[in-house]
Amino acid sequence: MRTAVAKFRGRLAAHHTTLARGMAVLALLVAVSIPLIGTPFTLGLGNRILIYSLWAMSLALLLRNMHLLTLGHAAMLGAGAYGVAIAQHHWGMGFWGAALVGLLFGMTLSVVFGLMIMRATDIFFVMITVAQGMIFWGVIQRWASVTGGDNGMRNVARPEQFSTPVAYYWFTLVAVTACIVLLYRFDKSVVGLRLRGIGDSDERMSVLGYSVAFYRFLAFNVAGFFATIAGILYVGYFNFIGPTTVHLRGSVEVALFAIIGGAQSFAGPIVGAATLLTLRPYVGPLTDRWPIVLGLLLIVVVLYARTGLVGAARRLVFGSSQGVPAVSVSGDQQEEVRQG
Amino acid sequence: MLRRSVIALAAATLVVAACGGDDTDGVEEPQAADQPEAEEQEEADPDAEPIRIGVLMPLTGFGAAAGEEAVQAWELYWEQHNYMSGGTPIEVVYGDTESDASAGTAEARRLVESENIDLLIGPIVGSVAGPVSDLMSEMDVPQIYGVPTNDLWIRDGVPDTLFTIEATTAEMAMHMGRWAAENGHERVATVCSDYLTGWETCGGFVNTFTTYGGEIVEQIWTPAGGAPDYAPVISRLQAVEYDALYMGTPVGDGVLLFSALSEFGLADQTQILSHKVVIDPGTLGVYGPEAEGILSSAPYAEGRDNAATQEFVAAFEEAYGRIPGTTGGAKYFIAHLVDTTIQELGGTIPSASEFIAKLHDIRIEDSVYGTWHVDEDGNALHDHFLREVVDRGDGTLWDVVNETWSGRGPSYVFDMDAYLAQPPYSQDYQGIGWPTSCDDFVDEADCPADLQ
């Protein structure tokens, strides 16, 4: 029986790339079908899943490749969102011009923050990003004349061409899909390889002549770029941005999406965001202790599925959380190897 | 292995605790024993579709304490009325904003699209209320908001589907400021939280206190969310002379500040003046007996000697073992208001516009909020009470009423256009030096002598 299962897993593993592509196509089909057959509620849920997935994937880029956990990522999303809102409210810009402002604001913040963390690692990296995020939140909350303070900024307009909920969903789907493709290409590029090399051993990469600080700075800004895009999409969807979104709590939430989904896999953050955002409206009304449920889920993942939901699924299907088949070698085969 | 099993067992126990809900979507029902008798049983109309009311509150996050009290007070009212209004059954569904704007908006959307509510009550946190109100307007669902709003809402405008039942934070403070100036206080120091609510809690007081002849000798701003050390605040207070101290530090900030004042012996050396957002039965228990004598302004006082208030307080205390504060009072009043309005509409909510329009016609002569009605400008006007913290006689502190003021609207006695022409209250602008003439007043009778 075990041998049969191992053989079956082996066959699946041999086609794991095809399977992965198939899952991606399936996910895209589901996303495309939502506005066609879903309800207004599922349309909104789908839109939020797309936005939060992109946000979580940008964080996972750092976590997966360089083993760096940032707890200030809400600031990046907030920079994009507030940039759009401020440009519209105070300078009278339309969405597209405001989006450019949001992008510039987000990237400027990303560069400034990136310069602070490029030589930091481990707990120091985490603490600096916490401080960065809280500084941003503090400025947003206090600078009421510009940001609305605690009230936030309401009535942020969507692009005229995509102003209805369905049209905005399509817009978000196309934008997020394009970003995911870019992230994938970056991940598979030689730069992505170098990032993983630094994540595995920064000393060795340094000896080989690569500037570890430069690549940390680069990765931080690439992550910041995609988080800023997520922020622009976010404020267009909600038509609002407020200080609670950019608080530390927001940074922890997006980290949970990535970790629970599986930050080590490319699709893990998408799975994490989709799972948690879908569970929330159905589990939440059963208990007024949703954060406890969320915390318990994290404990279970950390203890029993460290590679997240995607890793757990891979282990189930392939016998390995990395997608590479765990080959079961019989005693005769071992003897053959020894005899050469 | 054993450690993992223990952790798993602990986790399972917590799951059971977390899922310990009931028919009311996880919110505890009032304990049924000794509930006041339900009012006369309404005859149910067999053909009436139930009215579904969504209650959107922070059940988790930093606003959870207020959210829980709000839900309890709301439920108490409907338990007393058998969940009936105008012959129509009332069904209530709950949503948790998690004290967060995006979560709150998503929950609001779920309540409308999945739960098909006819009316939304809430939320509480201001930064959540804004986007939720825009969403309700887009979906044409009436919404009642029962927390003091800030002036930015007055300046920016709110959707037509939103109805606020209370005065603004600034107006409540304005009543206190004028009273202080006209009742012997000449030199006041203020300590207020350095964020929007703190600015308005202070600004309203300072604006009217200085208008009517008082002098602000020191203004101290503390970080919202509490300062790590209040010794610098105490040092600054000890360096000035004042005959009253105004506290504009909401909730937890107020507790921390008062603890510091007590520790340094300042709490009983001067008259402390304050505001609804600072003084609440929930925090008075932490303040301790030194809090006796604190004066504050609010639309609700749990020790107020009137039947409506005392019946509510007694029923709430019976059900939940504690005195209801301003949040509970507000939600109980909202339930009363909703019930009255639905009855006036013949047991229905025909549409958002009709429901909101009918709210404007309602006048309540006696309630936990005193008298209440809506003026021609759409502002909810209610009594404001000068409250004093006293011992109830059993060691419990609560607020009794010393004076009652009539509501005047968001700009208090000032002309609205002139008021809105001034900057919003902030750390940099507290209304000192304005108004400059009697033209800035609605009624010349309110204009102080030195401006005439």
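The model shown is predicted, which means the values in this text are computed figures rather than measured ones.

Draft legend 1. Inspection of the overall build of chain A at higher detail. Tallying secondary structure elements over chain A gives 16 helices and 0 strands in all. For chain A, the C-alpha radius of gyration of 22 Å lies close to 20 Å, the compact-globule estimate for 340 residues. Projecting the C-alpha coordinates of chain A onto the three principal axes gives extents of approximately 80 × 55 × 35 Å. Each of the 340 residues in chain A was classed as buried or not, and the buried ones make up 51%. In chain A, the proportion of contacts linking residues at least 24 apart, taken out of those at least 6 apart, comes to 75%. Summed over its atoms, the accessible surface of chain A is roughly 15,900 Å², and 69% of this surface lies on carbon and sulfur atoms. Across chain A, 24 positive and 12 negative side-chain charges occur, with their mean positions spaced 5 Å apart.

Draft legend 2. Focus on the overall build of chain B. Within chain B, the secondary structure is distributed over 14 helices and 15 strands. Counting the 452 residues in chain B, one finds 60% classified as buried. If you take every contact in chain B between residues at least 6 apart in sequence, the share linking residues at least 24 apart comes to 69%. Put simply, chain B shows about 17,100 Å² of open surface, and 47% of that area lies on carbon and sulfur atoms.

Draft legend 3. Molecular detail of the interface of chain A and chain B. Between chain A and chain B, the contact holds 33 residues from the first and 45 residues from the second. Carbon and sulfur atoms supply 52% of the area that chain A and chain B bury against each other, a total of about 3,500 Å² over both sides. Inspection of the chain A/chain B interface yields 5 salt bridges. Between Arg280(A) and Glu98(B) there is a salt bridge; the shortest N-O distance is 2.4 Å. Here chain A is connected to chain B by 11 residue pairs in polar contact (both at pLDDT 80 or more). Elements that contribute at least two residues to the side of chain A that touches chain B include exactly helix 3 (40-66), helix 6 (122-142), helix 11 (212-238), helix 13 (268-283) and helix 14 (290-304) of chain A. Per-element accounting of the side of chain A that touches chain B gives the leading share, 7 residues, to helix 14 of chain A. Among the residues forming the side of chain A that touches chain B, the class breakdown is 18 nonpolar, 7 polar and 8 charged.

Draft legend 4. Local environment of helix 5 (residues 95-117) of chain A. Residue and element names in this part refer to chain A. Spanning 23 residues, helix 5 covers 32 Å between terminal C-alpha atoms, matching the ideal 33 Å at 1.5 Å per step. Those residues of helix 5 lying buried are Phe95, Ala98, Ala99, Val101, Gly102, Gly106, Leu109, Ser110, Phe113, Gly114 and Ile117. Where the residues of helix 5 are buried, they touch helix 4 (73-91), helix 6, helix 8 (165-188) and helix 11.

Draft legend 5. Fine view of the environment of Val400(B). Residues and elements named next belong to chain B. Counting through the fold element by element, Val400 comes out in strand 15 (residues 397-405). Once the C-alpha coordinates of Val400 and Glu388 are considered, the two residues, 12 residues apart in sequence, prove to be 5.4 Å apart. Here Val400 is in contact with Gly303, Leu386, Arg387, Glu388 and Val390, once residues within four sequence places are set aside.

Draft legend 6. The confidence of the model for chain A, seen in detail. Here chain A averages 89 in pLDDT, and 93% of its residues register 70 or above. Counting interchain partners and residues more than four positions distant, the pLDDT-below-50 stretch residues 323-329 of chain A has 12 contacts.

Draft legend 7. Seen up close, unusual backbone geometry. All names here are of chain B. Following Gly122, the chain continues into Pro123 via a peptide bond in cis, with omega recorded as -5 degrees. With respect to the secondary-structure elements, Pro123 resides in the loop between strand 4 (119-121) and helix 4 (126-139). A cis amide bond links Trp434 to the next residue, Pro435, at an omega of 10 degrees. By the secondary structure assignment, Pro435 is in the segment after helix 14 (416-421). Not every positive phi belongs to a glycine, and Ser99 is a case in point at roughly 55 degrees. Along the chain, the position of Ser99 falls in the loop between strand 3 (88-96) and helix 3 (101-113). Given the relative accessible area of 3%, Ser99 is considered buried. A positive phi angle, close to 55 degrees, is found at Asp140, a residue other than glycine. Along the chain, Asp140 turns up in the loop between helix 4 and strand 5 (143-145).

Draft legend 8. Broad picture of the packing of helix 4 of chain A against helix 5 of chain A. All names here are of chain A. Put simply, helix 4 and helix 5 touch, their axes get as near as 7 Å, and they point 140 degrees apart. If you check the angle between helix 4 and helix 5, you find them oblique. As helix 4 packs across helix 5, the resulting crossing turns out to be right-handed. Of helix 5, the residues touching helix 4 (which contributes Ala75, Met76, Ala79, Gly80, Gly83, Val84, Ala87, Gln88 and Trp91) are Phe95, Ala98, Ala99, Val101, Gly102, Phe105, Gly106, Leu109, Ser110 and Phe113. Split into classes, the residues belonging to the contact of helix 4 with helix 5 amount to 13 nonpolar, 6 polar and no charged.

Draft legend 9. Up close: the sheet that holds strand 8 (residues 215-222) of chain B. Residue and element names in this part refer to chain B. As summarised here, the arrangement of the 7 strands in space is 8-7-9-10-11-14-15, forming an open sheet in which the pairing is mixed. Each having just a single partner strand, strand 8 and strand 15 make up the two edges of the open sheet. With direction set aside, neighbouring strand axes in the sheet form an average angle of 25 degrees. Looking at chain direction, strand 10 (residues 271-275) and strand 11 (residues 295-298) are connected through 3 bridges and run parallel. Across the sheet, Leu273 pairs through a bridge with Leu295, a residue of strand 11. Contacting strand 9 (244-248), strand 10, strand 11, strand 14 (384-391) and strand 15, helix 6 (residues 169-182) crosses the sheet at an angle of about 155 degrees to strand 10.

Draft legend 10. Quick look at the sheet that holds strand 4 of chain B. All names here are of chain B. Spatially, 2-3-1-4-5-6 is the arrangement adopted by the 6 strands of the open sheet, whose pairing is mixed. The strands lining the two open edges of the sheet, one partner per strand, are strand 2 (84-85) and strand 6 (162-164). In the sheet, strand 4 pairs with strand 5 via 2 bridges, with the strands oriented parallel. Paired with Ile121 across the bridge in strand 5 is Ile144.

Draft legend 11. Representation of a nonpolar patch on the surface within the structure. Residue and element names in this part refer to chain A. Together, Leu28, Val32, Leu36, Ile37, Val166 and Trp170 line one region of the surface with nonpolar side chains, adding up to about 540 Å² of accessible area. Within the residue set of the nonpolar patch, elements represented by two or more residues are helix 2 (16-37) and helix 8. Ranked by the residues each element gives to the nonpolar patch, the list is headed by helix 2, at 4 residues. With respect to the helices and strands, Ile37 occurs in helix 2.

Draft legend 12. The arrangement of the pairing of strand 7 (residues 187-193) of chain B in detail. All names here are of chain B. With 6 of 7 residues buried, strand 7 is to be regarded as a mostly interior element. Sheet topology places strand 7 next to strand 8; 7 bridges connect them, and they run parallel. Within the sheet, the bridge partner assigned to Val188 lies in strand 8 and is Ile216. Chirality of the crossover, the property in question, places the unit of strand 7, helix 7 (residues 196-211) and strand 8 among those that are right-handed. One ladder, built from 5 bridges, connects strand 7 with strand 9; its direction is parallel. Counted as the bridge partner of Val188 is Ala244 from strand 9.

Draft legend 13. Here's a closer look at the state of the cysteines. Residue and element names in this part refer to chain B. Within the structure shown, the criterion is met by 2 disulfides over all chains. At a sulfur-sulfur separation of 1.9 Å, the disulfide partner of Cys192 is Cys202. On the sign convention where negative is left-handed, the bridge of Cys192 and Cys202, at about 70 degrees about the S-S bond, is right-handed. With Cys192 in strand 7 and Cys202 in helix 7, this pair connects stretches of sequence that are 10 residues apart. A residue is classified by how much of its surface remains accessible, and Cys202, at 0% relative accessible area, is buried. One disulfide bridge connects Cys438 with Cys447, the sulfur atoms lying 1.9 Å from each other. Between Cys438 and Cys447 the sulfur-sulfur dihedral comes to about -75 degrees; the bridge is accordingly left-handed. Using a relative accessible area of 15% as the deciding quantity, one classes Cys438 as buried.

Analysis parameters
Position numbers for residues start from 1 in each chain and track the written sequence from start to end. Labels are handed out in written order, letters beginning with A for the chains and numbers beginning with 1 for the ligands. Only residues with pLDDT of 70 or above have their local features reported here, since the model is predicted, and side-chain atom pairs are shown and tallied only from 80 upward, although totals for entire chains, interfaces and linings are computed over all residues. The basis for the side-chain values is all heavy atoms of the structure; hydrogens and waters are excluded. Each helix corresponds to a stretch of at least 4 residues labelled H or I by DSSP, and each strand to a stretch of at least 2 residues labelled E; elements are numbered beginning at the N terminus. Here the radius of gyration uses the C-alpha set of atoms, whereas the globule reference equals 2.2 Å times the residue count to the power 0.38. For every residue, the accessible area obtained with a 1.4 Å probe (protein chains only) is divided by the maximum for its type, and the residue is called buried under 20%, exposed over 50%, and partly exposed between those limits. In this description, contact between two residues means that some pair of their heavy atoms is separated by no more than 4.5 Å. Working definition of accessibility: Shrake-Rupley area with a 1.4 Å probe, residue cover restricted to the visible protein chains. Charged-residue counts in this description rest on Lys and Arg as positive and Asp and Glu as negative, His and the chain ends being excluded. Throughout, a charge is located at the NZ atom of Lys, the CZ atom of Arg, the CG atom of Asp or the CD atom of Glu. Here's the idea: put two parts together, see how much 1.4 Å probe accessible area each one loses, and the total over both is what we call buried area. Definition used for salt bridges: Asp or Glu carboxyl oxygen within 4 Å of a side-chain nitrogen of Lys or Arg. As used in this structure description, the phrase polar contact means that two N or O atoms lie within 3.5 Å; if the pair is within protein, one of them must be able to donate a hydrogen and the other to accept it, and residues adjacent in sequence are counted only when both atoms belong to side chains. Side-chain classes follow a simple rule in which Ala, Val, Leu, Ile, Met, Phe, Trp, Tyr, Cys and Pro form the nonpolar group, Asp, Glu, Lys and Arg form the charged group, and the remainder, Gly included, forms the polar group. For a helix, the expected span equals 1.5 Å multiplied by the number of residues minus one. On a scale of 0 to 100, pLDDT captures the predictor's confidence in every residue. As a rule, the C-alpha atoms of each element are fitted with a line to give its axis, helices using only the stretch in contact, and angles between N-to-C directions run from 0 to 180 degrees. What sets the label is the angle itself: under 35 degrees gives roughly parallel, over 145 gives roughly antiparallel, 65 to 115 gives roughly perpendicular, and the rest give oblique. For any helix crossing, the convention is left-handed if the near helix is rotated counterclockwise from the far helix by under a right angle, and right-handed if that rotation is clockwise. Note on pairing: two strands pair once DSSP finds at least 2 bridges between them. Within this analysis, patches are made of residues with over 30% relative accessible area and no salt bridge. Like charges are joined at 9 Å or less; nonpolar side chains (Val, Leu, Ile, Met, Phe, Trp, Tyr) at 5 Å or less. Classification remark: right-handed applies to a crossover when, strands pointing away from the viewer, the course from the first strand over the helix to the second runs clockwise. We call a pair of cysteine sulfur atoms a disulfide whenever their separation is within 2.5 Å.

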